[in-house]
Amino acid sequence: MTSESVHIAAAAHLRAAHLRPRRALRAVESFLLSGGQQTARRNAWAAVVEDRRRARDRREAQYEMDALVSAARGSALND
């Protein structure tokens, strides 16, 4: 086995290990929930992810605004 094929095999193993929990969750989900419930859960999770993204954007914007106000106050004091 060449070092390249070992690297490819290791990368494939890592990808498979990363996907196993997702596949297991999907299998349990499909067993326990009907199609509409699965869609509702996925939509709810997408909404949570989007809310988190918007909250992060708001925090970053607030940080920038605070920095601008602070710089403006410092500039006004120096004048």
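The shown structure was predicted, so the numbers you read here are calculated from the model rather than taken from an experiment.

Cut-off values and rules
- Residues numbered from 1 in each chain as written.
- Predicted model: local features only at pLDDT ≥ 70, side-chain atom pairs only at ≥ 80, totals over all residues.
- Heavy atoms only, no water.
- Salt bridge = Lys/Arg side-chain N within 4 Å of Asp/Glu carboxyl O.
- Helix = DSSP H or I, 4+ residues; strand = E, 2+ residues; numbered from the N terminus.
- Buried < 20%, exposed > 50% of the residue type's maximum accessible area, 1.4 Å probe, protein only.
- Patch = residues over 30% accessible without salt bridge, like charges linked within 9 Å, V, L, I, M, F, W, Y side chains within 5 Å.
- Areas by Shrake-Rupley, 256 points an atom, 1.4 Å probe, with all protein chains shown as cover.

**Quick look at the pattern of salt bridges**
Taken as a whole, this structure holds four salt bridges when the rule is applied. In this structure, Arg54 and Glu50 form a salt bridge, with 3.5 Å as the shortest nitrogen-oxygen distance. On the criterion of helical spacing, the pair formed by Arg54 and Glu50 is a turn pair, its members being four residues apart in helix α2 (residues 35-78). One salt bridge in this structure joins Asp51 and Arg54, with 2.3 Å as the shortest N-O distance. In this pair, Asp51 and Arg54 both sit in helix α2, three residues apart, roughly one turn of the helix. By relative accessible area, Asp51 is classed as partly exposed at 40%. Residue Arg54 is classed as partly exposed on the basis of its relative accessible area of 37%.

**Remarks on a nonpolar patch on the surface**
A grouping of Val28, Phe31 and Leu32 is seen on the molecular surface, where their side chains present a nonpolar patch of about 370 Å² in accessible area. For Val28, the location among the structural elements is in helix α1 (residues 3-32).

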